[in-house]
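# Coordinate analysis (summary)
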Amino acid sequence: MTSWVLSTTVFSPLVGAAVLALLPRRDELLRVVALATSLVPLALSAWLFWQAPRGEPGFWLAERASWVAPLGITYHLGMDGISLPLVVLTAFLFPVALVGTWDAVRTRVKEYLLLLLLLETAVLGTFLALDLVLFYVFWEAVLVPMYFLIGLWGSERRAYAALKFFLFTMAGSVFMLLAIAGLYLATGTSDFTRLVATPLPRAAQGYLFAAFALAFAIKVPIVPLHTWLPDAHTEAPTAGSVILAGLLLKMGTYGLVRFCLGVFPEMARGAAPAFMALGVVGILYGAAVAYTQPDVKRLVAYSSVSHLGFVVLGTFALNPQGLAGALLQMVNHGISTGALFLMVGVLYERAHTRALEAFGGVARVMPTFAALSLFVVFSSAALPGTNGFVGEFLVLLGAFRADPRWAAAAAGGVVLSAVYLLWMVQRVYFGPVRPEVRTFAPLRGHEATALLALVVVVLWIGLYPRPWLARSEAAVQALVHRVTASVEAHGLAGGAR
Amino acid sequence: MTVDLRPLAPEVVVAAAALLALLADVFTRTSRARAVWWLVALVALGWAAGAVWTAGEGAFGVLYARDGLANALQLVGLAVAAGGMLLARDYLARVGLDRGEYYALVLLSTVGAMLMVASQDLLFLFVALETLSVPLYVLAGFARDSHRSQEASLKYFLLGSFASALLLYGVALVYGATGSTGLARLAGAEGSFPLLVGLGLVVVGLGFKAAVVPFHAWAPDVYEGAPVPAVAFMSVLAKVGAVGALVRLLPLTLPHLLPAWQPLLAALSAATMVVGNLAALRQTNLKRMLAYSSVSHAGYLLVGVAAGNGTGVWSAVYYLAAYAAMNLGAFGVLTFLERAGVEADEVEDLRGLADRSPALAAAFAVFMASLTGLPPTAGFVGKFYLFMAALQGGLLWLAVVGVITSVVSVAYYLRAAYAAYLGPGRAGVRLHPGPWAGVGLGVSAAATLLFGVLPGPLTTWAQRVAALLR
Amino acid sequence: MIGLSHYLVLSSLLFGLGLYGVLTRRNAVAILMGIELMLNAANVNFVAFTRFVDPTFVRGHVAALIVITLAACEAVVGLALVINAYRHLETVNVDQVDLMKG
């Protein structure tokens with residue numbers, strides 16, 4: 001008997017949104033209800049995390065129901081070692097984002113919270129959907145709430161940034177829609193678990209893979225399809241940025257792993273060198289441009305491009321270390337970059353500007369905040385002891401096994417990221433205290449709570465990553481085996497990977 | 001030979017209700033009293049819908065046949081008429097145009113659409129087309145005091161009659177080529193030159209009615225000038241009739257001539273999607289924007305026709321149902337807005353809507369999302385089916401055009417939805433919510449979301465139509 | 001002998017004339033006359049085809065009668081609309097009827 005745990009996890013925010021819609025417009029009440037709602041998926045996913053079997057390569061929890069019966073499209077959710085960390089990340093980041101930006105938004109609070117809850121359902125659904133049409137529905141359903149979140153509660157260029165974000169992302173995904181329709185017509189099914197067992201027509205595989213890859217590449221984003229990201233991240237309200245960077249980008253990387261590697265293993269293997277190169281380009285380019293940014297939020301946005309280059313590199317190294325590292329980095333990036341955006345939010349609330357030059361000596365005025373910020377920055381810079389180190393180390397290990405040159409270049413990126421991050425820290429937190437900074441209010445309770453929660457996770461994964469790695473190990477191994485086995489099956493020279 | 005009128009019962013009921021509505025003005029004086037006749041008309045529509053739902057197959061001579069396609073599209077047409085009536089009541093009472101003639105015109109054109117989708121004879125089709133169109137010409141000019149409304153009806157009449165004349169000439173040529181105007185004789189006919197020319201003219205005539213490029217030029221002016229509830233109604237009903245007729249004529253009757261008509265339909269479809277969406281981008285008048293959006297949706301519907309397969313046929317039926325819900329809804333929101341005593345029809349007039357009525361703004365956002373084709377709305381499901389049909393029919397390029405133009409359409413649909421959430425409202429714009437229109441909008445919004453989240457039942461219903469494919 | 005082709009040529013000429021009228025005339029009533037010409041061209045076709053192609057039924061004649069009736073109804077409505085438009089816009093010149101940008 002199915003327990004429908006997954007569906008409850010996915011749809012509880014939606015139910016909460018429905019309840020919220022009926023409540024009177026009393027801001028504090030609404031915020032509390034929204035937070036309570038977002039804790040439900042957190043509790044459920046924490047329980048699932050604790051319960052997760054180790055060594056189980058498949059979908060150890062699944063729910064299935066007929067959806068569009070005439071076409072055989074099903075409502076199929078499933079969790080395995082690859083989606084588990086991402087679901088937990090999602091369930092964790094939403095409450096943290098809500099707490100961290102508790103009363104930053106004061107206009108149309110009801111609509112704001114409604115959209116965040118709708119967004120949570122859509123993101124959770126994306127990570128759990130196993131039917132391609134269902135996946136697409138959740139994938140696109142993310143767009144409208146995010147558009148309104150950026151467009152209505154963002155900064156000066158919000159309308160432009162919101163539309164750019166929407167158009168870019170949708171332009172990629174519509175070709176994925178055609179590919180899904182094509183897959184359905186060719187194989188008679190849109191169910192992922194059946195598709196991986198069905199041989200696909202070779203001629204079409206290239207186009208189908210390209211369509212999926214395009215949609216995910218725009219989302220990750222992979223250079224040069226990244227130009228929507230700086231604007232969207234910068235103009236979004238803080239909670240929006242946290243979710244956008246922490247989760248929406250992971251939808252792209254998850255898609256690459258689940259669908260590009262999973263459904264098109266041969267194509268993935270063939271395209272791997274190109275993707276690894278693009279990953280390295282992202283790492284270096286993102287870091288270089290981040291260094292030049294005068295706007296601290298834009299700096300963090302470009303750091304996202306750089307960090308996700310590591311994820312792409314690790315994914316397409318096509319070995320267990322690389323993939324496990326990439327998966328862990330997805331979680332790590334969510335935590336650290338989410339925290340970075342919260343930091344920027346704290347600064348912005350006080351200074352009402354994001355220009356780096358407006359800050360200086362913040363550590364003197366807000367010591368607790370500076371301490372927490374430093375932990376976050378170390379995590380982003382992948383200092384040993386932090387989660388970032390574990391993830392990037394694994395990625396580099398995997399990349400080295402695949403192609404040492406890319407690994408060497410990527411390692412250079414690690415140095416670069418330290419450069420721009422520490423330089424940012426120097427300019428904002430240390431140095432002479434600027435007069436405006438002296439007027440900063442001390443760190444408020446909710447801001448501290450959110451940052452502290454994130455820092456705890458940073459240290460937990462950094463010092464004891466075993467639980468995380470163990471739960472995804474089997475699925476990662478199985479996927480890598482599937483991708484590389486397809487190499488030998490077709491007699492292509494694989495080498496020792 | 002006794003003639004069995006029973007298959008025509010629904011049409012007769014609706015026509016009788018139309019005549020009753022005409023009499024309403026003679027016997028009633030106040031708006032309240034007329035509400036009774038309006039209710040009678042609604043009941044008649046409901047009764048007719050029930051009759052269609054329970055009706056099996058049936059035929060009226062060789063001219064008319066009630067089959068799966070006819071039943072399906074008649075239900076859609078009746079739903080559109082009911083929606084049109086609900087939306088009209090409050091608006092008409094507000095502007096002082098509350099007369100039985102309006103309801104009579106709506107009902108009469110509905111009869112025309114019902115006959116069109118069930119016709120088995122081209123001449124009968126022509127008569128039904130006129131029955132559909134002429135009341136719409138008058139409806140466009142219903143706002144007697146508005147110059148733009150009179151201009152709209154004049155343009156609509158001139159261009160519409162012109163297209164009907166083209167269609168009739170085509171029918172005559174087909175008659176000459178096959179010796180009959182019936183679809184039965186057409187089904188086995190070989191593609192001789194007069195036949196193809198005649199068919200081409202028929203397609204042109206029907207394409208005009210559906211606002212297909214390049215026969216769409218009347219739509220922006222007519223939609224801008226006509227009263228909003230009339231536009232809501234005519235934009236959908238004309239497509240139901242015209243696309244229904246095209247579906248019956250081309251994929252269902254002439255599958256053996258597919259190589260002849262598929263390129264033409266595919267080209268028309270692509271041109272319509274492209275022109276409709278690009279032109280809509282530049283509009284600041286909301287009614288004109290929705291007019292071009294209407295044009296583009298004719299393009300999407302034609303994708304299903306051009307695909308030429310069973311999937312195309314039933315996906316077109318599905319999309320007509322979805323389109324009815326979302327388009328009636330989109331225009332329906334407009335019926336509430338008024339600026340300086342006339343319709344508020346600029347995109348800017350939507351500003352502040354979210355502050356005045358959050359539910360209305362949310363519903364509007366749902367309709368815009370559905371028109372764009374975003375999940376989880378009916379518009380998305382419909383487009384998915386249509387593009388799948390195109391892929392199945394070997395028209396990958398058409399599907400690509402379709403998805404790209406859908407992305408383009410985001411820019412103007414979302415801009416409108418976004419405007420509704422920007423405050424403060426434009427000076428002088430007032431919101432007049434009405435109970436009946438509210439019901440209509442609520443049903444439309446619910447249907448748009450329901451068909452998007454649970455498309456199964458509607459898909460099954462639409463797929464029964466595909467069984468007709470020979 | 002007058003054959004089918006003669007009738008077809010006649011009807012094409014009528015159709016062409018009507019088309020020309022619709023496309024070039026600016027007076028709304030004149031456009032309507034052009035449309036009527038086109039409808040009657042189709043009528044000529046119907047009758048001619050019945051005579052030469054399908055003599056067993058008089059389908060074409062019936063069709064022509066239906067069309068004549070329909071054209072009359074259409075003309076009634078159309079002229080009413082033209083009169084109404086004239087009352088408001090004080091012209092029936094379609095070039096001058098352009099309140100809404102094209």
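The text that follows walks through the structure, step by step, so that each part is easy to find.

### Concerning the interface of chain B and chain C
Contacts between the two partners involve 40 residues from chain B and, on the opposite side, 42 residues from chain C. Taking both sides of the interface into account, the surface hidden between chain B and chain C amounts to around 3,700 Å²; carbon and sulfur atoms contribute 74%. In this structure, the connection of chain B to chain C is made through zero salt bridges. Counting every contact that joins chain B to chain C gives nine residue pairs in polar contact (both at pLDDT 80 or more). Broken down by secondary-structure element, the contributors of at least two residues to the side of chain B that touches chain C are α5 (122-140), α6 (147-178) and α9 (218-225) of chain B. Among the elements that take part in the side of chain B that touches chain C, α6 of chain B stands out by supplying 22 residues, more than any other.

### A look at the pairing of strand β2 (residues 73-79) of chain A
Looking down a regular strand, the side chains alternate between one sheet face and the other. Among the seven residues of β2 of chain A, seven are classified as buried, and the element is accordingly described as predominantly covered. Linking two consecutive strands that pair antiparallel, namely strand β1 (residues 61-68) of chain A and β2 of chain A, is a turn of four residues; a positive phi of about 70° is found at Gly72 of chain A within it.

### What about the sheet that holds strand β4 (residues 342-343) of chain B?
Residue and element names in this part refer to chain B. Taken in spatial order, the three strands make up an open sheet running β4-β3-β5, and their pairing is antiparallel. This sheet does not close on itself; its edge strands, each paired only once, are β4 and β5 (429-431). Alignment of strand β3 (residues 337-339) against β4, held across two bridges, turns out to be antiparallel. Within β4, the residue paired with Glu338 across the bridge is Glu343.

### Here we look at the packing of helix α13 (residues 296-315) of chain A against helix α18 (residues 404-429) of chain A
Residues and elements named next belong to chain A. Across the interface, α13 lies against α18 with an axial gap of 11 Å and an inter-helix angle of 160°. The pairing of α13 with α18 is recorded here as roughly antiparallel in orientation. Pair α13 / α18 crosses with left-handed handedness. In this structure, α13 uses Val296, Leu299, Ser303, Ser306, His307, Phe310 and Leu313 to contact α18, whose residues at the interface are Trp406, Ala410, Val414, Tyr420 and Met424.

### Quick word on the interface of chain A and chain B
With 33 residues of chain A at the contact, the number on the chain B side is 37 residues. Between chain A and chain B the total buried area reaches about 2,900 Å² when both faces are included, carbon and sulfur atoms providing 83% of it. Among the residues of chain A in contact with chain B, Arg108, Leu178 and Leu185 of chain A are the three that bury the most area, contributing 18% of the side total. Where chain A packs against chain B, one counts one salt bridge. The tally of links from chain A across to chain B stands at four residue pairs in polar contact (both at pLDDT 80 or more). Within the residue set of the side of chain A that touches chain B, elements represented by two or more residues are β1, α5 (132-141), α6 (143-153) and α7 (158-187) of chain A. Considering each element in turn, the side of chain A that touches chain B owes the most residues, 15 residues, to α7 of chain A. Looking at side-chain class alone, the side of chain A that touches chain B contains 26 nonpolar, two polar and five charged residues.

### Some thoughts on empty space enclosed by the protein
All names here are of chain A. In the structure shown here, the tally under the stated rule is six cavities of 30 Å³ or more. As a volume, the largest cavity reaches approximately 90 Å³. What lines the largest cavity is a set of 13 residues, among which Gly100, Thr101, Ala104, Glu349 and Glu447 lie closest to the centre. Secondary-structure elements contributing two or more residues to the lining of the largest cavity are α14 (320-351) and α20 (445-463). Counted by class, the lining of the largest cavity contains four nonpolar, five polar and four charged residues.

### Some remarks on the packing of aromatic side chains
If you walk through the whole model with that rule in mind, you get 50 aromatic pairs over all chains. Summarising the aromatic geometry, the rings of Trp139 of chain A and Phe216 of chain A are spaced 5.3 Å apart at their centres and angled 80° between planes, so their arrangement reads as edge-to-face. Taken together, the residues span a long stretch of sequence, with Trp139 of chain A in helix α5 and Phe216 of chain A in helix α9 (residues 202-219) at a distance of 77 residues. Where Tyr137 of chain B meets Tyr156 of chain B, the ring centres are 5.1 Å apart and the plane angle is 75°; that geometry is what we call edge-to-face. A residue pair is termed long-range when its members are at least 10 positions apart, and Tyr137 of chain B in helix α5 and Tyr156 of chain B in helix α6 qualify at 19 residues. Given the relative accessible area of 0%, Tyr156 of chain B is considered buried. Put simply, the rings of Phe59, Phe135, Trp139, Phe192, Phe209, Phe212, Phe216, Phe259, Phe264, Phe275 and Phe316 of chain A touch in pairs and so form one group of aromatic residues.

### A short note on the arrangement of the chains
Here two pairs of chains make contact, and the pair sharing the most contacts is chains B and C. The least C-alpha distance between chain A and chain C, which are not in contact, is 28 Å.

### Section: a nonpolar patch on the surface
Residues and elements named next belong to chain B. Together, Leu20, Leu23, Val26, Phe27, Val36 and Val40 make up a nonpolar patch on the protein surface, roughly 550 Å² of accessible area in all. Elements with a contribution of two residues or more to the nonpolar patch: α1 (9-27) and α2 (31-54). The element that contributes the greatest number of residues to the nonpolar patch is α1, accounting for four residues.

### Quick notes on unusual backbone geometry
Backbone torsion omega between Val223 of chain A and Pro224 of chain A reads 5°, so that peptide bond is classified as cis. When you line up the elements, Pro224 of chain A lands in the loop between α9 and α10 (228-235). The linkage connecting Pro375 of chain B with the following residue, Pro376 of chain B, adopts the cis geometry, with an omega of -5°. Structurally, the position occupied by Pro376 of chain B is in the loop between α15 (358-372) and α16 (378-392). A positive phi angle is found at Arg108 of chain A, which is not glycine, with a value near 50°. With respect to the secondary-structure elements, Arg108 of chain A resides in the loop between α3 (83-100) and α4 (109-128). Phi is positive for Ala211 of chain B, close to 65°, though the residue is something other than glycine.

Cut-offs applied
Residues numbered from 1 in each chain as written. Chains lettered and ligands numbered in written order. Predicted model: local features only at pLDDT ≥ 70, side-chain atom pairs only at ≥ 80, totals over all residues. Heavy atoms only, no water. Contact = heavy atoms within 4.5 Å. Buried area = accessible area lost by both parts, 1.4 Å probe. Salt bridge = Lys/Arg side-chain N within 4 Å of Asp/Glu carboxyl O. Polar contact = N/O pair within 3.5 Å; in protein donor to acceptor, adjacent residues only side chain to side chain. Helix = DSSP H or I, 4+ residues; strand = E, 2+ residues; numbered from the N terminus. Buried < 20%, exposed > 50% of the residue type's maximum accessible area, 1.4 Å probe, protein only. Pairing = 2+ DSSP bridges. Axes fitted to C-alpha atoms, helices over the stretch in contact; angles between N-to-C directions. Parallel < 35°, antiparallel > 145°, perpendicular 65-115°, else oblique. Left-handed = near helix turned anticlockwise from the far one by under 90°. Nonpolar A, V, L, I, M, F, W, Y, C, P; charged D, E, K, R; others polar. 1 Å grid on protein atoms, 1.4 Å probe; cavity = no way out; pocket = protein on both sides within 12 Å on 5 of 7 lines; lining within 4 Å. Points joined across faces, edges and corners; volume = space filled by probe spheres on them. Phe/Tyr/Trp six-rings, centres within 6.5 Å; stacked < 30°, edge-to-face > 60°. Patch = residues over 30% accessible without salt bridge, like charges linked within 9 Å, V, L, I, M, F, W, Y side chains within 5 Å. Areas by Shrake-Rupley, 256 points an atom, 1.4 Å probe, with all protein chains shown as cover.

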